[in-house]
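Remarks on the overall topology
So the chains spell out like this:
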Amino acid sequence: MCGIAGLIHRGKSSNVGSELQGMLQALKHRGEDSTGYALYGDTDGKNFIMRFKVGENVGEGSSSIVEDVSVYDERKKIVDQTLTELGAKIVKEERTLPYSLRYEIVYDKKDLLDFSQKIESIPGVEILSMGKSLEVIKDLGNAKAVCDRYSLDKLVGTHAIGHARMATESGVDIKSAHPFWGYPFSDVSVVHNGQLTNYWNNRRALESQGMRFMSECDSELIAVYLAQKMREGSSLEEGMKESLTGLDGVFTYFVATKNSLGMAKDTMAAKPLVLYESDDLVAMGSEEIAIRSILPQEIDTYDPFDGEVKVWQI
Amino acid sequence: MANLKDTEKKTKSQAMGMHTEVLTGRTQQKFFNPDEAENFYYFGTYDVDFNKRTDLDVINMTAADANKKIDSLMSEGYGTIVIKNPQGKHSLGVGILNKLNLIFEGSLGYFGMGSCDGPIVRINGRVGWSCAENLMAGKVVIEKNAGSCFGAAIRGGDLICKGSVGARTGIDMKGGTIIIGGDAGAFTGFMMQRGRIIILGDVGINLGDSMYDGTIFVGGEIGSYGSDAVDAELTSSDQDWLRRKLKVAEIGANFDVSKMKKVVAGKKLWNYDNLEPTEKKGAI
């Protein structure tokens, strides 16, 4: 059991960091091994924002191997050097935690595949997100703990998706936490609730086509699957519709891009989702109490049906 | 575990030779004697006065506290209770075993009104998954939409949703009636064993999959039939019953029931015959 939540404001910005924190905290009984946020903030759209990690959170409950903190500094140095070699210029640097960093960089090339491959060839380094609006922040603990740790409650933007995880099929670590970046596409992120039963078949096929997996979490497959569909020329919505038959198992997932938010539900409708939709706001979550955390007044909500795919624009 | 012992005081069933032992200790057998019907006690029930009404705001209560408060109000004789600000909380109104007018001014989360036997409930909002699971008797009306597993395993009573419902509505139901004003999702009536489901709108794939018995009436389109679910003739008595039921449910006032589809169990699954596994494959 995991909990997912998402919201999109249409035609305006809002404090999506705080709103998503409230929604995910309401779902903490569905899992608090880790919590992740994919926030689409208001930016000038000029620079890339790269969130990456140079190590794991090895605190209580973590399944990661303890490393000497000094290796984080060494990895960071190599990342900085590699960025220079790639022609990227760091214009702002934040190191929230020893293992977690946020860079704003100027990088002119559109194809992020070569960029990402070079950065992630550094052992222990993983790009959590890359985009001009998207920031993926994920760590161990419940929504409030992660929000407080990364000071997310003041982030203003248009839309966001998030995930409260009960680890079942892979470790309690940041690499297995959601959301997953739609590598190597700028500003694409995915969260998922469910189990995929044809994970290894799909993974082997996608890896043979050059796609990268960072974890053994089945949910990562959705991000990679959609990224591959887009590489082949499908639109995001087309890729999501194809996923209903291409992915086997039970799932409800959200995917977000710079300008849109979408949901897909498997044909068995085995995983819950409650949806609220108005002219200026769409909010959805595994349970209605998530939506109630931002809309306490009486509202009309509904469950999307089996095999349903929906996409909203900002 | 309760003790077993012989007893000199015989109940009617013991006098008839049906058994010779009674349970003692924390768990005790209760025997119903028609001669003592007025003394028969259904544990956890209260005599309530429908004209005695109160409001209960649960905005700052946990579900457990809210349910305890409802129980406490019933014990004081309140027969009409209006719940304010349920705000999607889970498991509200569960385990009510007596007559009661219960009104929710808002929406419920998962497992609302589970394991009830007798109350009349109106929910002026939406309900989450597994609303009214194991309902034995009574009536539950939802004014808006409902989540999946609506009316799972109900044994009796009327469960009415004026909006649309999710997947697996009436899964494993063993009696009672479920009425849906809108559409229903996949696997509606999955493994149902008795009772009736009425859907005025469309229904998703695998309708009535592996149903043992019971009847499903559909007013709109059917996504697909499940294993062993088959069409049956809609008789005039079916139509009369549907009109009566919809009228009582205050739903689909002008709905033309004569055009509804009736779906029943084909009864060709293995448990309906004594064929060997290899033989039954040919039978289906």
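As a reminder, the structure under discussion sits directly above these lines.
Residues numbered from 1 in each chain as written. Chains lettered and ligands numbered in written order. Predicted model: local features only at pLDDT ≥ 70, side-chain atom pairs only at ≥ 80, totals over all residues.

Some details on the overall build of chain B
Counting secondary structure elements, chain B contains 4 helices and 13 strands. Expressed as a percentage of its 284 residues, the buried residues of chain B come to 42%. Of the contacts formed within chain B by residues at least 6 apart in sequence, a portion of 26% connects residues at least 24 apart. (Helix = DSSP H or I, 4+ residues; strand = E, 2+ residues; numbered from the N terminus. Buried ≥ 20, exposed ≤ 12 C-beta atoms within 10 Å, placed from the backbone. Contact = placed C-beta atoms within 7 Å.)

Regarding the overall build of chain A
Tallying secondary structure elements over chain A gives 8 helices and 15 strands in all. Taking 2.2 N^0.38 as the reference for a compact globule, 314 residues should give roughly 20 Å; the C-alpha atoms of chain A span a radius of gyration of 18 Å, in line with that estimate. Its C-alpha atoms give chain A principal-axis dimensions of roughly 50 × 40 × 40 Å. Counting the 314 residues in chain A, one finds 52% classified as buried. Taking all contacts inside chain A whose residues are at least 6 apart in sequence as the whole, residues at least 24 apart take part in 71%. (Rg over C-alpha atoms; globule rule 2.2 N^0.38 Å.)

Looking at the sheet that holds strand S4 (residues 78-84) of chain B
In a beta sheet, neighbouring strands pair by backbone hydrogen bonds and run either parallel or antiparallel. All names here are of chain B. Across the sheet, 11 strands lie side by side as S3-S4-S5-S6-S7-S8-S9-S10-S11-S13-S12; this open sheet has mixed pairing. With partners counted over all chains shown, the strands left at the sheet margins are strand S3 (49-57) and strand S12 (229-232), one partner each. Going across the sheet, the axis of each strand differs from the next one's by a mean of 15°, ignoring polarity. By the bridge criterion, 4 bridges tie strand S11 (residues 215-218) to strand S13 (residues 261-265) in an arrangement that is antiparallel. From the neighbouring strand, Phe217 faces S13, where its bridge partner is Lys262. Contacts from helix H3 (residues 236-249) reach strand S8 (158-161), strand S9 (174-180), strand S10 (194-199), S11 and S13, with the element oriented near 70° to S9. (Pairing = 2+ DSSP bridges. Axes fitted to C-alpha atoms, helices over the stretch in contact; angles between N-to-C directions.)

Here's the deal with the interface of chain B and chain A
Listed by partner, the interface residues are 22 residues for chain B and 17 residues for chain A. For the side of chain B that touches chain A, the class distribution of residues is 5 nonpolar, 14 polar and 3 charged. (Nonpolar A, V, L, I, M, F, W, Y, C, P; charged D, E, K, R; others polar.)

Quick notes on the sheet that holds strand S4 (residues 89-97) of chain A
All names here are of chain A. In space, the 4 strands of this open sheet follow the order S4-S5-S3-S6, with antiparallel pairing throughout. Here the strands that pair on one side only, and so sit at the sheet edges, are S4 and strand S6 (126-131). Recorded for the sheet is a direction-independent mean angle of 20° between the axes of neighbouring strands. Relative to S6, strand S3 (residues 48-53) is paired through 5 bridges, and the arrangement is antiparallel. Its bridge partner being in S6, Met50 is matched across the sheet by Met130.

A short note on the environment of Ala167(A)
Residues and elements named next belong to chain A. The topology assignment puts Ala167 in the loop between strand S8 (157-165) and strand S9 (180-181). By C-beta crowding, Ala167 is classed as partly exposed, having 18 other C-beta atoms within 10 Å. For the pair Ala167 and Cys2, spaced 165 residues apart in sequence, the C-alpha separation works out to 8.1 Å. Excluding residues that lie within four positions of it along the chain, Ala167 makes contacts with Asp33, Val172 and Ser176.

Notes on the pairing of S4(B)
All names here are of chain B. Where S3 meets S4, 6 bridges bridge the pair, whose relative direction is parallel. If you follow Arg53 over to S4, its bridge partner there is Thr80. Taken together, the 5 bridges between S4 and strand S5 (residues 101-105) define a ladder with parallel strand orientation. Paired with Ile81 across the bridge in S5 is Leu102.

A few points about the packing of helix H5 (residues 199-208) of chain A against helix H6 (residues 220-231) of chain A
Packed helix pairs are characterised by how far apart their axes lie and by the angle those axes make with each other. Residues and elements named next belong to chain A. Relative orientation of the contacting elements H5 and H6 amounts to 40°, with a least axis distance of 11 Å. One finds that H5 runs oblique with respect to H6. Here H5 and H6 pass one another in a crossing that is left-handed. Residues Tyr199, Asn202, Arg203 and Leu206 of H5 form the contact with H6, whose participating residues are Leu221, Val224, Tyr225 and Gln228. A class-by-class count of the residues in the contact of H5 with H6 yields 5 nonpolar, 2 polar and 1 charged. (Parallel < 35°, antiparallel > 145°, perpendicular 65-115°, else oblique. Left-handed = near helix turned anticlockwise from the far one by under 90°.)

Points about H6(A)
Residues and elements named next belong to chain A. Here H6 is 12 residues long and its end C-alpha atoms lie 17 Å apart, about the 16 Å a rise of 1.5 Å per residue gives. Listed as buried for H6 are Glu220, Leu221, Ile222, Ala223, Val224, Tyr225, Leu226 and Ala227. Its buried side turned inward, H6 meets S9, strand S10 (189-196), H5, helix H7 (236-246) and strand S11 (249-256). Count one or two residues on from H6 and you reach Gly233, which has phi positive near 110°. (Expected span 1.5 Å × (residues − 1).)

What about the nonpolar core?
Formed by 84 residues in total, the largest nonpolar core has its most connected members in Ala160(A), Trp181(A), Ala223(A), Leu226(A), Phe254(A) and Val255(A). The dominant element in this core, judged by the number of residues it contributes, is H6(A), at 7 residues. If near-sequence neighbours (up to four positions away) are discounted, Ala223(A) is found in contact with Phe180(A), Trp181(A), Gly182(A), Tyr183(A) and Val190(A). Core analysis: the next-biggest nonpolar cluster, separate from the first, contains 70 residues, Ile96(B), Ala186(B), Ile199(B) and Val218(B) among them. (Core = buried A, V, L, I, M, F, W, Y, C linked by C-beta atoms within 7 Å.)

Here's the deal with the packing of H6(A) against H7(A)
All names here are of chain A. Axis separation between H6 and H7 bottoms out at 9 Å; the angle between their running directions is 125°. Relative to H7, the element H6 is oriented oblique. The element H6 and its partner H7 pack so that their crossing is right-handed. Only Leu236, Gly239, Met240, Glu242, Ser243 and Gly246 of H7 make contact with H6, whose side of the interface consists of Ile222, Tyr225, Leu226, Lys229 and Met230. Among the residues making up the contact of H6 with H7, the classes are represented as 6 nonpolar, 3 polar and 2 charged.

Comments concerning unusual backbone geometry
That bond from His178(A) to Pro179(A) is cis: its omega, -5°, falls within 30 degrees of zero. Note that Pro179(A) resides in the loop between S8 and S9. Cis rather than trans, the peptide bond between Tyr183(A) and Pro184(A) has omega equal to 0°. Note on placement: Pro184(A) falls in the loop between S9 and S10. The backbone of Gln87(B) sits at a positive phi, close to 50°, despite the residue not being glycine. Considering the arrangement of structural elements, one finds Gln87(B) in the loop between S4 and S5. You will see that Lys267(B), though not glycine, has its phi angle at about 55°, which is positive. Mapped onto the elements of the fold, Lys267(B) is located in the loop between S13 and helix H4 (277-283). Judged by C-beta crowding, with 13 C-beta atoms within 10 Å, Lys267(B) ranks as partly exposed.

Everything listed is a geometric property; what it means functionally is a separate question.
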